[in-house]
Amino acid sequence: MNLTNEYDYVASEITELQRLLVEIPPEDVIDRMSLEARLAKAQLELETLPLPERSATVCLTFRGKPVVGSHSISADFGSKALDAFSKVFTAVAVGTTTDIQSRGKLPDKDNNLLRIIGTTIGSFGFELELPQGTTDLFTSTSPEDTIRKIETLLSTSATGNDDEVTEIVADVPPRAIKLLNKFLEVLVSNESWCGLSYGNKNFRYDNFEQVRTSVKRLADNNVHFGKETLCGKFKGFFPISRTFEFLPDCAKTEQKDAIHGKIDIAVEEPEVLNREWLDKLVAVELCTMQIGNGKPRYTLQSLADLSLR
């Protein structure tokens, strides 16, 4: 039995003993003494146990055609939407620290699963327990960060401009974006919309039309990928954010402003940029991504894409 389960077990036993004591008549002295002794022992045991760490939770709620107030939700819709959302969460969480492929089993999937622990009050939905997650100096795998990214994707794709959507989408693996759009398509096909509540943060689509807008913004035909070769100098690599600054050579490229891009998670030693490539004139092939007419965001996918000029 782990510490959390042990603490909950003893706390539950104390509650039950207190309930039984209330029901025992004062004249039943022997029974009362027995229960009081057990209660005192359990209370002492509980005091010696450390308070268990509780996982954070997120509430996923729904409105629209499949939902009847806070009373019920279509089982077919509820199961499909919850399964689709769970896949989005896992892909975003895993993609933060791992180079995930477009197909196949996601690595470390079992450690990045949501668990249903209850239903919500108010509008119908589910209370989901987040996995524990870990954090280190350079990469965050906090489940709360994962939910925050998903919430930002939903809200920005509904109300932001193309540049704003491009900015947040560039920070998420393409596979996760495809899965998010599948989740939204489940909502659209059932004329529904959703909301997220976590910590002190609340988000909810205002109406069904906003969901349709999100689907269009994140659709395959509106997410444009490409490659661009630039000449210039790297001015710095920033390890915490895994980003770089690159100053193009105005004499050799039409791009004149400094470029701030990210280093793909597949690059194992990005600090090499600071050690070996800083301020040297190079040619570099960068991957680009843009939403609609937004400004492209740049990613360095491999150090092999660098060469001296």
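Not measured: the values here are computed from a predicted model.

Calculation criteria
Residues numbered from 1 in each chain as written. Predicted model: local features only at pLDDT ≥ 70, side-chain atom pairs only at ≥ 80, totals over all residues. Heavy atoms only, no water. Phe/Tyr/Trp six-rings, centres within 6.5 Å; stacked < 30°, edge-to-face > 60°. Buried < 20%, exposed > 50% of the residue type's maximum accessible area, 1.4 Å probe, protein only. Helix = DSSP H or I, 4+ residues; strand = E, 2+ residues; numbered from the N terminus. Polar contact = N/O pair within 3.5 Å; in protein donor to acceptor, adjacent residues only side chain to side chain. Salt bridge = Lys/Arg side-chain N within 4 Å of Asp/Glu carboxyl O. Pairing = 2+ DSSP bridges. Axes fitted to C-alpha atoms, helices over the stretch in contact; angles between N-to-C directions. Contact = heavy atoms within 4.5 Å. Expected span 1.5 Å × (residues − 1). Lys, Arg positive; Asp, Glu negative; His and termini not counted. Core = buried A, V, L, I, M, F, W, Y, C linked by side-chain atoms within 4.5 Å.

### Section: the packing of aromatic side chains
- Tallied over the entire structure, the rule returns 6 aromatic pairs.
- Measuring from centroid to centroid gives 6.1 Å for phenylalanine 124 and phenylalanine 126, while their planes differ by 90°, and the two rings are edge-to-face.
- With a relative accessible area of 13%, phenylalanine 126 lands in the buried category.
- With centroids separated by 5.4 Å and ring planes inclined at 70°, the aromatic side chains of phenylalanine 234 and phenylalanine 244 adopt a geometry described as edge-to-face. You can see phenylalanine 234 sitting in strand β8 (residues 223–238) and its partner phenylalanine 244 sitting in strand β9 (residues 243–248), a full 10 residues away along the chain.
- With a relative accessible area of 1%, phenylalanine 234 lands in the buried category.
- By relative accessible area, which is 1% here, phenylalanine 244 ends up buried.

### Quick word on the environment of asparagine 161
- Topologically, asparagine 161 is positioned in the loop between α4 (143–159) and α5 (162–169).
- Each C-alpha atom, one on asparagine 161 and one on asparagine 293, is 9.3 Å from the other, the two residues being 132 residues apart in sequence.
- From its side chain, asparagine 161 meets the backbone nitrogen of glutamate 164 in a polar contact 2.8 Å long.

### Looking at the pattern of salt bridges
- Per the counting criterion, the structure on display carries 13 salt bridges.
- For arginine 32, the salt bridge is made with glutamate 36, and the minimal N-O distance between the two is 3.7 Å. With arginine 32 and glutamate 36 both in helix α2 (residues 29–48), this residue pair falls 4 residues apart, about one helical turn.
- For glutamate 36, a relative accessible area of 38% translates into the label partly exposed.
- A salt bridge links aspartate 171 to lysine 149, with the shortest nitrogen-to-oxygen separation between them at 3.5 Å. Pair noted here: aspartate 171 is in the loop between α5 and α6 (174–189) and lysine 149 is in helix α4, with a separation of 22 residues, a long-range link.

### Some thoughts on the sheet that holds strand β1 (residues 57–64)
- Here 5 strands make up an open sheet; going across it, the order is β4-β5-β1-β6-β7 and the pairing antiparallel. One side of each edge strand has no neighbouring strand; the edge strands of this open sheet are β4 (115–119) and β7 (201–204). Across the sheet, the mean angle separating the axes of adjacent strands is 20° when strand polarity is ignored.
- With 5 bridges joining them, β1 and strand β5 (residues 125–129) adopt antiparallel strand pairing. Bridge pairing in β5 links leucine 60 to phenylalanine 126.
- Packed onto the sheet, α6 meets β1 and β6 (192–198) and runs at close to 130° relative to β6.

### Digging into α6
- With 16 residues, α6 ought to run about 22 Å at 1.5 Å a step, and its terminal C-alpha atoms sit 22 Å apart, in line with that.
- Listing the buried residues of α6 in full gives Arg175, Ala176, Ile177, Leu179, Leu180, Asn181, Phe183, Leu184, Val186 and Leu187.
- On the buried face of α6, the contacting elements are β1, α3 (75–95), α4, α5, β6 and α7 (208–218).
- Just beyond α6, the residue with positive phi is glutamate 191, at close to 50°.

### Brief notes about the side chain of arginine 242
- Its location among the elements puts arginine 242 in the loop between β8 and β9.
- Buried charge without a salt bridge: arginine 242, with aspartate 264 as the nearest opposite-charge side chain at an N-O distance of 6.4 Å.
- At 3.1 Å, the side chain of arginine 242 forms a polar contact with the backbone oxygen of valine 267.
- Residues contacting arginine 242, with those up to four places away along its chain left out, are Phe237, Gly261, Lys262, Ile263, Asp264, Ile265, Val267 and Pro270.

### Concerning the pairing of strand β11 (residues 281–291)
- When you tally the buried positions in β11, you get 8 out of 11 residues, the bulk of the element.
- Here β8 pairs with β11 via 11 bridges, running antiparallel. Residue threonine 229 lies in a different strand from β11, and its bridge partner there is glutamate 285.
- The pairing of β11 with strand β13 (residues 306–308) spans 3 bridges and is antiparallel. Bridge assignment links valine 282 to a residue of β13, and that residue is leucine 308.
- Between β11 and strand β12 (residues 297–300), which pair antiparallel and follow one another directly, the connecting turn spans 5 residues, one of which, glycine 292, has a positive phi of 55°.

### Thoughts on the nonpolar core
- Judged by nonpolar contacts, the single largest core of 54 residues is most densely connected at Phe62, Phe183 and Leu184.
- Sorting elements by how many residues they give to this core places α3 first, with 11 residues.
- Excluding residues within four positions of it along the chain, leucine 184 makes contact with Leu154, Tyr205, Val211, Ser214, Val215 and Leu218.
- Among the nonpolar cores identified, the runner-up in size contains 17 residues, and Ile259, Ile263, Val267 and Leu300 belong to it.

### What to know about unusual backbone geometry
- At arginine 242, a residue that is not glycine, the phi angle is positive and equals roughly 50°.
- Classification of arginine 242 as buried rests on a relative accessible area of 16%.
- Not every positive phi belongs to a glycine, and aspartate 279 is a case in point at roughly 60°.
- In this structure aspartate 279 comes out as partly exposed when scored by relative accessible area, which is 41%.

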